[in-house]
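# Structural overview for review
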Amino acid sequence: MANEISLKQRKNSKKSNEVSKLSEADLADSINSSIIAKREVGDGAAAENEVEYDKNTDHKDELEKPIRSIYFRIEIDVVFLLLLLLALATRLYKLEEPNYIVFDELHYGRYVTLYTKGIFFFDAHPPLGKQLLYLAGQWAGYNGNFTFDRIGSPYSDSVPIRALRLIPAVCGSLLVPVTYQLMLEICTYQFTAILAAALVLFENCFLAQSRFMLLESIQILFGLWGLLCIIKSSRKTGAASVIWLCVGAFSLGCCFSVKYSGLYTYYLATFLVGRQMWQLIGKIKSMLKLFLSCLWRFLILICIPLAVYISVFYAHLNMLPKAGPHDSVMTSAFQASLQGGLASITRGQPLHVSHGSQITLRHSHGRTCWLHSHAHVYPVRYADGRGSSHQQQVTCYSFKDVNNWWIVKRPEQSSLAVSQPPDVIRHGDVVQLLHGITSRALNSHDVAAPVSPQSQEVSCYIDYNVSMQAQNLWRVDIVNRESEESTWDSIRSLVRLVHVDSGSALRFSGRQLPSWGFHQHEVVADKAISHQDTLWNVEEHRFTKAEDRRERERELVTAEMIPTTTPRLSFWDKFLELQYKMITHAPDAPVGHMFASEPAEWPLLVRSIAYWLSPDSNAQVHLIGNLVTWYAGTISVLFYGVLLAMYAIRERRAYQDLSPRASHKFYESGYILFLGYWLHYLPYFFMDRTLFLHHYLPAYIFKILLLSYVIDHVYYILGARENTKSFSHIFILCVIIWLSYVMIAFKKFSVLSYGNTDLTENDLLNLRWKDTWDFIIHKKT
């Protein structure tokens, strides 16, 4: 028994020693484990001292836990950055050279000057690109005192030429990495995206267009960035999709706010979004959800670009409050609303047209011209054998002239002097219009007009004592009247003069008379009285004071030919008028230019454009493409078209040449690149205006991208089949060799892009790879 007790004591002593050796951490773990065990088997009540221990443990964890912060994860695409740096190096190199006015810098420099001085100007394209150039000039301190007189004139020290050329240069540089990003979205391999960016980088026409005050690089950058955002939006969901679409819509609005040709890119983007919605029809079961999905996308795609466009013109009109040299294009009311315009010259001119008023009638829409007559008569017979009335000619003349004056007369009154109070003419009144200098009345009759035989001739009546009687009564129809009793007011009243006997309206036909009419514009009487060319307004206005004809003629000859009080035009009045004038004046662009070209010539680079020639040497700037890329791109367009037709035919016969993923890539690239090329190219075949090679550049960028994708597709096809896989390495080698020639050609022709190298006659002849290229050679003596 004693031995058993002794044994138990030794065991207890051993256990006691083991427990004493436990560390505090082990003890804590043991206690914690026992607590957990009690929770698992107990009734759920807290164990003794459990709450106090948990508090201590929590405080310990808080002390040991690391403090968290807010982090931004930034991923840098090294390839993107490298391409951007290379592009900046080529585009910004000696940007201030040549220090001369180069090609259309003549026009855009003038616009920057007019912006600087706040003087109104008119241009057929939207103003965003010109505004960006102006902002660069303001940032560099340009004072607007340089006269852009002619191409080739040297810049003075007051012109920050590097700053003015910086915006196009930066946009042209960004075009390279944006091309890379766009191709990453639609091609199969990364090397294809790098190839596309390299082809843009080593393209001489993009280099030349980016180094001067020109707008194509700005327009193309906005267009490609907008398309990239639209594509990203189609591949995102939720808020990301909305944000990308908004950014893309904004960029596309900027694109066609630089030049109207940017609308073709906008149409392409709209087609892509519409195609995406079409594909959703089979995937979304709820018609309401489908409708809302379409609605928000198209609202964004319409409202944001339109808001950008209107905002650009709002800024434009607010930046140009002063009258300037282009005022005559606009209506009299628009001119008079400008500071120093018509109203500032003749304050106090009569407002209401009355019996005895001396007026000039201006055609209110389209071409600017004034109702005009002179002592010359229509020929007895026209060139086609038709007879005329042989009466005094009435035309529409595009210049201020004393023969533009007319006197308003009540038919029943003989005196022309204005009575007191004046006998005011109102809507619906019948009047005669006497030509101020010849005193003959405006007349029309059943005789075919000289150039528009479907309309009646308008003349000033000469009494030949024959059976043809005068028909010289005209009814005043005030189009923008507020009531039936509205008065005929100078400047602000738009009127139609309706011939009483025939019911035809006095109309500007838009056609020019032959040499016997001094090539002035034809005026007719037309049955289509609601036509916009039947609208006229009184510009100059004064009262007749003298009864004697000779004294009256002297008054007319010495009269100041500018109008009345300042009208208040809203922004929308000015905006809408400006839109109409830009549309109607587009066909009036100058025709005939020594470097003009036809759209059919562009794919083969038949013509170049001489931008600048040094006055002292053969250094010169030409818009000319990299011939190696140019011809390969043209071939790729044809090749893709052949593939498209071949795949379509074989699919109809149940042959599947491509995997579903490859087929999707092929057609997606076709929608974006192949369609994009033709959409930017074909419209020029229907334009009746002078065209140049630079009009082809928005289409050419799509051709380069399509060329890259064709290479991508061929490489994929070779690698996808076992019997052709070995040829893929040979194909890559061929592409590398071809790209080397692209770089060699770029280097060779870069002297014509920078314009800072003096060239000999032999140098230029060696660069003339096509006989149709118009290089200019100064032969040195």
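Residues numbered from 1 in each chain as written. Predicted model: local features only at pLDDT ≥ 70, side-chain atom pairs only at ≥ 80, totals over all residues. Heavy atoms only, no water.

### Focus on the overall build of the chain
The number of helices and strands found in the chain is 23 helices and 14 strands. Taking all 781 residues of the chain together, the buried fraction comes to 51%. Nonlocal contacts in the chain, meaning residues at least 24 apart in sequence, comprise 75% of its contacts between residues at least 6 apart. Looking at the chain as shown, the accessible area adds up to about 38000 Å², and 59% of this sits on carbon and sulfur atoms. (Helix = DSSP H or I, 4+ residues; strand = E, 2+ residues; numbered from the N terminus. Buried < 20%, exposed > 50% of the residue type's maximum accessible area, 1.4 Å probe, protein only. Contact = heavy atoms within 4.5 Å. Areas by Shrake-Rupley, 256 points an atom, 1.4 Å probe, with all protein chains shown as cover.)

### Topic: the state of the cysteines
All chains considered together, the criterion is met by one disulfide. Paired through a disulfide, Cys369 and Cys396 show a sulfur-sulfur distance of 2.1 Å. Residues Cys369 and Cys396 are joined through a disulfide that is right-handed, its torsion about the S-S bond being 90°. One end of the pair, Cys369, is in the loop between strand S1 (357-363) and strand S2 (370-377); the other, Cys396, is in strand S3 (residues 392-397), with 27 residues separating them in the sequence. Judged on exposure class, the residue Cys369 and its partner Cys396 are both buried. (Disulfide = S-S within 2.5 Å.)

### Quick look at the pattern of salt bridges
For side chains of opposite charge, pairing can occur when their charged atoms come near one another. Enumeration over the complete set of coordinates arrives at 19 salt bridges. We note a salt bridge from Glu185 to Lys232, for which the minimum N-O separation is 2.9 Å. You can see Glu185 sitting in helix H7 (residues 161-186) and its partner Lys232 sitting in helix H10 (residues 216-234), a full 47 residues away along the chain. Owing to a relative accessible area of 15%, Glu185 belongs among the buried residues under this scheme. (Salt bridge = Lys/Arg side-chain N within 4 Å of Asp/Glu carboxyl O.)

### Here's the deal with the side chain of Ser364
The topology assignment puts Ser364 in the loop between S1 and S2. Assessed through its relative accessible area of 2%, Ser364 is described here as buried. A distance of 3.1 Å separates polar atoms of two side chains, one belonging to Ser364 and the other to Asn537. Residues within four places of Ser364 in sequence aside, it is in contact with Thr331, Leu494, Leu535, Trp536, Asn537 and Lys581. (Polar contact = N/O pair within 3.5 Å; in protein donor to acceptor, adjacent residues only side chain to side chain.)

### So, the packing of helix H18 (residues 627-652) against helix H20 (residues 697-720)
Running from amino to carboxyl end, H18 crosses H20 at an angle of 60°, the nearest separation of the two axes being 8 Å. For the element pair H18 / H20, the angle class is oblique. Two packed elements cross with a definite hand, and for H18 against H20 that hand is left-handed. Along the contact surface, H18 presents Thr629, Trp630, Ala632, Gly633, Thr634, Ser636, Val637, Phe639, Tyr640, Leu643 and Tyr647, while H20 presents Tyr700, Lys703, Ile704, Leu706, Leu707, Tyr709, Val710, His713, Val714 and Ile717. Its residues assigned to classes, the contact of H18 with H20 shows 15 nonpolar, five polar and one charged. (Axes fitted to C-alpha atoms, helices over the stretch in contact; angles between N-to-C directions. Parallel < 35°, antiparallel > 145°, perpendicular 65-115°, else oblique. Left-handed = near helix turned anticlockwise from the far one by under 90°. Nonpolar A, V, L, I, M, F, W, Y, C, P; charged D, E, K, R; others polar.)

### Thoughts on helix H12 (residues 263-280)
The terminal C-alpha atoms of H12 lie 26 Å apart, and with 18 residues this matches the ideal 26 Å at 1.5 Å per residue to within 8%. Those residues of H12 hidden inside the fold are in contact with H10, helix H11 (238-258), helix H13 (287-319), helix H19 (660-681) and H20. (Expected span 1.5 Å × (residues − 1).)

### Let's talk about the environment of Ile717
Looking at the element boundaries, Ile717 is found in helix H20. The exposure class assigned to Ile717 is buried, which follows from its relative accessible area of 18%. Separated by 59 residues in sequence, Ile717 and Leu658 place their C-alpha atoms 8.3 Å apart. Ile717 has contacts with Tyr647, Leu658 and Thr724, leaving out every residue within four places of it along the chain.

### What about unusual backbone geometry?
Trans is the common state for peptide bonds, and a negative phi is the common state for residues other than glycine. Following Glu97, the chain continues into Pro98 via a peptide bond in cis, with omega recorded as -5°. Structurally, Pro98 is set in the loop between helix H4 (78-92) and helix H5 (105-117). The residue after Gln420, namely Pro421, is reached through a cis peptide bond having omega 0°. Structurally, the position occupied by Pro421 is in the loop between strand S4 (405-409) and strand S5 (430-435). The backbone phi angle of His519 is positive, close to 60°, even though this residue is not glycine. Positive phi, normally seen in glycine, also occurs at Leu605, with a value near 50°. Overall, Leu605 belongs to the buried group, its relative accessible area being 0%.

### A short note on the layout of surface pockets
To locate leftover empty space, one rolls a probe as large as a water molecule over the atoms. Approximately 480 Å³ is the volume found for the second largest pocket. Thr331, Ala333, Leu494, Leu569 and Glu577 are the residues nearest the centre of the second largest pocket, which is lined by 20 residues in total. Elements represented by at least two residues in the lining of the second largest pocket include exactly helix H14 (332-336) and helix H17 (571-585). At six residues, H17 tops the list of elements feeding residues into the lining of the second largest pocket. (1 Å grid on protein atoms, 1.4 Å probe; cavity = no way out; pocket = protein on both sides within 12 Å on 5 of 7 lines; lining within 4 Å. Points joined across faces, edges and corners; volume = space filled by probe spheres on them.)

### What to know about the packing of aromatic side chains
On inspection of all chains with the given rule, the structure shows 54 aromatic pairs. When the ring of Tyr93 is compared with that of Tyr754, the centres are 5.5 Å apart and the planes differ by 90°; the resulting orientation is edge-to-face. With Tyr93 in the loop between H4 and H5 and Tyr754 in helix H22 (residues 751-754), the pair connects residues that are 661 residues apart, well separated along the chain. Overall, the relative accessible area of 41% leaves Tyr93 in the partly exposed class. Each ring, one from Tyr677 and one from Trp678, has its centre 5.0 Å from the other, and the planes form 70°; the classification is edge-to-face. Residue placement shows Lys574 over the ring face of Phe334; its charged tip is 5.7 Å from the ring centre. Seen from the ring of Tyr655, Arg650 lies directly overhead, with NZ or CZ sitting 4.6 Å from the centre. (Phe/Tyr/Trp six-rings, centres within 6.5 Å; stacked < 30°, edge-to-face > 60°. Lys NZ or Arg CZ within 6 Å of the ring centre and 35° of its normal.)

### Side note on the nonpolar core
Judged by nonpolar contacts, the single largest core of 149 residues is most densely connected at Met183, Phe206, Leu224, Leu673 and Trp738. Ranked by size, the runner-up nonpolar core spans 29 residues in total, among them Leu371, Cys396, Val408 and Ile478. (Core = buried A, V, L, I, M, F, W, Y, C linked by side-chain atoms within 4.5 Å.)

### A closer look at H5
Spanning 13 residues, H5 covers 18 Å between terminal C-alpha atoms, matching the ideal 18 Å at 1.5 Å per step. Along H5, the positions that sit buried rather than exposed are Glu105, Leu106, Tyr108, Gly109, Tyr111, Val112, Thr113, Leu114 and Tyr115. Gly118, located one to two residues past H5, shows a positive phi value of around 70°.

Coordinates in, geometry out; function isn't part of it.
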